[in-house]
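Structural overview
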Amino acid sequence: MIYFSTNKSSIPVSIKQATLHGLAPDGGLYIPSEMPRFSEAELRLLEGATFNNIAFAIAKKFIGAEIPPDQLGDIVENCYNFDTPLVRLDANTFVEELFCGPTLAFKDYGARFLARLTGYFAQEEQRLITVLVATSGDTGSAVAFGFQGVPNTRVVLLYPSGKVSRLQEQQLTTAGGNVHALEVRGDFDDCQRLVKQAFVDPQLNQSLTLTSANSINISRLVPQSFYYAWASMHIRERFGMKDPLFSVPSGNYGNLTAGVMAKMLGFPIGHFIAASNANDSVTRYLDDGRYDPHPTITTLSTAMDVGNPSNFARLRYFYGNDHAAMGRDITGISVSDQETIATIHSVYDRFGYVIDPHTAVAFRALERYRTDGGGNLELPGIVLSTAHPSKFIETIQDTLRREIDIPERLSSLLEKKKQATLISSDYRELASYLDNLDR
Ligand SMILES: *Cc1c(COP(=O)(O)O)cnc(C)c1O
């Protein structure tokens, strides 16, 4: 499999290079030269398969012979050693719980796979890869836990001091081992500027192999198609239903793009809802075909507060820049904070089921789609639940006026000792820190 850039002016590369570099030299995003496809016969063979069997089958299509099958199998087993429950709330409505990984958010699916692929290729190259990430919270924790203990890799995380929640800070600063946290006296933009400067610092890049782990990396995207594929097969076997409609809480649109990839691979998926909060650049594009990104607005579903989504270029590319073609597969629905709160309430009242604000946006979007008569009304709806409610405990407890349980793997983090190095937002401090890391 060969990967080329959406900007089409850099040379095509292997999955190894696409994984280790993330972004193409021309600034574009890597996409497979041709989308692989499962034949009817291949899909029949996957009936009754486990999550990991399906994950392996898809990974093999994208990676080809570049990783031997038995080693790829080990990587998949290692990544997904937790469940992916599909919970039925009523006759036609399901929630796919993507929060059972170590950081209780769906980013574990992408980050763990990317980490192990990076480790595999780094070992092949006999190099130590340094992953440099600026984070405002959620991405950083998935990356920290994804790379923790992966040989031939280490992570340096930069986060803005005093601007992440206590829980997030504990997730960022307690992984230890090959994960180093830098607490920056500044804001998230300072962290991003520092990281960008490091990537173009010729002296530093001579002594270190730097890479990023953000959501534009194709090896973070491919594994997110696994849970769409699995749910589309499982819902038929277990519940006798088919061609589900997925409602996807969207920020950078990596998650939705991975869903579209699963459909292009041939898995039986009916339709998608792109659920957004007040950051509705893509919703408006789906309405009128004009892409006019607005500045980011702060909402209750913070991980979806993205004004100009980085994966949107890839999504558009997959539809040949054809707005009508995208519209046949995807309906955009934007949900307000007020509706988000009302939905957390109503889902709890009706089903006794607690959802986080991101999941609530997707849940509400599915309801609106159905009441607005969006077509496809007979299709079963699957709401992707991207975070465990305890990650947003303040919002949930304020809304429901009751205590909620915090899973042990989260509560135990609160007792661990924070380990972080405080730096200023002056680039020289970051450069000297990186320069002093072991070689
Ligand atoms: C990152 C994130 C999202 C948005 O996913 P994208 O792939 O960026 O669209 C939604 N919910 C939660 C909880 C997240 O952490």
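Residues numbered from 1 in each chain as written. Predicted model: local features only at pLDDT ≥ 70, side-chain atom pairs only at ≥ 80, totals over all residues. Heavy atoms only, no water.

A tally of helices and strands in the chain yields 20 helices and 13 strands. Computed over the C-alpha atoms, the radius of gyration of the chain is 21 Å, within 12% of the 22 Å expected from 2.2 N^0.38 for a compact globule of 439 residues. Over its C-alpha atoms, taken along the principal directions, the chain stretches across nearly 60 × 50 × 40 Å. Surface summary for the chain: the accessible area is close to 17,600 Å², and the carbon and sulfur share equals 48%. Of the side chains in the chain, 40 bear a positive and 49 a negative charge, and the two mean positions are spaced by 2 Å. (Helix = DSSP H or I, 4+ residues; strand = E, 2+ residues; numbered from the N terminus. Rg over C-alpha atoms; globule rule 2.2 N^0.38 Å. Areas by Shrake-Rupley, 256 points an atom, 1.4 Å probe, with all protein chains shown as cover. Lys, Arg positive; Asp, Glu negative; His and termini not counted. Charge placed at Lys NZ, Arg CZ, Asp CG, Glu CD.)

The contact between helix α5 (residues 107-124) and helix α6 (residues 138-147) brings their axes to 8 Å, and the two run at 45°. In this view, α5 runs oblique relative to α6, as classed from their interaxial angle. For the crossing formed where α5 meets α6, the hand is right-handed. Where α5 approaches α6, its residues K107, D108, A111, R112, L114, A115, R116 and T118 are matched on the opposing element by D138, T139, A142, V143, F145, G146 and F147. Taken together, the residues of the contact of α5 with α6 break down into seven nonpolar, three polar and five charged. (Axes fitted to C-alpha atoms, helices over the stretch in contact; angles between N-to-C directions. Parallel < 35°, antiparallel > 145°, perpendicular 65-115°, else oblique. Left-handed = near helix turned anticlockwise from the far one by under 90°. Contact = heavy atoms within 4.5 Å. Nonpolar A, V, L, I, M, F, W, Y, C, P; charged D, E, K, R; others polar.)

Let us look at the site of the ligand. Residues in close proximity to the ligand total 15 residues, the closest being K107, G251, N252, N255 and T386. Contacts to the ligand include Y253, whose backbone N or O atom sits 2.9 Å from an oxygen atom. When isolated, the ligand has an accessible area of 380 Å², and the protein chains bury 96% of it. Classifying every residue of the shell around the ligand by side-chain character gives six nonpolar, seven polar and two charged. (Near = heavy atom within 4 Å. Polar contact = N/O pair within 3.5 Å; in protein donor to acceptor, adjacent residues only side chain to side chain.)

Another point: the packing of aromatic side chains. All chains considered together, the criterion is met by 20 aromatic pairs. Arranged with centres 4.9 Å apart and planes meeting at 70°, the rings of Y109 and Y227 form a pair that is edge-to-face. Of this pair, Y109 sits in helix α5 while Y227 is found in helix α11 (residues 226-239), placing the two residues 118 residues apart along the sequence. Judged by its relative accessible area of 0%, Y227 falls in the buried class. Lying across the ring of F38, K61 places its NZ or CZ 4.7 Å from the centre. (Phe/Tyr/Trp six-rings, centres within 6.5 Å; stacked < 30°, edge-to-face > 60°. Buried < 20%, exposed > 50% of the residue type's maximum accessible area, 1.4 Å probe, protein only. Lys NZ or Arg CZ within 6 Å of the ring centre and 35° of its normal.)

This part is about the nonpolar core. Core analysis: the biggest nonpolar cluster contains 101 residues, and F113, Y228, F267 and I330 have the highest contact counts within it. Excluding anything up to four places from it in sequence, F267 contacts F38, L43, L46, I54, I58, A229, S232, M233 and A262. In terms of nonpolar packing, the next biggest core, distinct from the first, is built from 26 residues, L89, I273, I333 and Y353 among them. (Core = buried A, V, L, I, M, F, W, Y, C linked by side-chain atoms within 4.5 Å.)

This brings us to the sheet that holds strand β3 (residues 86-90). Strand order across the open sheet formed by six strands is β3-β4-β12-β9-β10-β11, with mixed pairing between neighbours. Looking at which strands have only one partner, the edges of the open sheet turn out to be β3 and β11 (330-334). Sheet twist, expressed as the average angle between the axes of neighbouring strands with direction ignored, equals 25°. Summarising the sheet, strand β9 (residues 245-249) and strand β12 (residues 381-385) pair through three bridges and their orientation is parallel. Looking at β12, one finds that S247 is bridged to V383. The strands touched by helix α13 (residues 281-288) within the sheet are β10 (271-276) and β11, with β11 carrying the most contacts at an inclination of about 130°. (Pairing = 2+ DSSP bridges.)

Interpretation in functional terms is not warranted from these geometric data alone.
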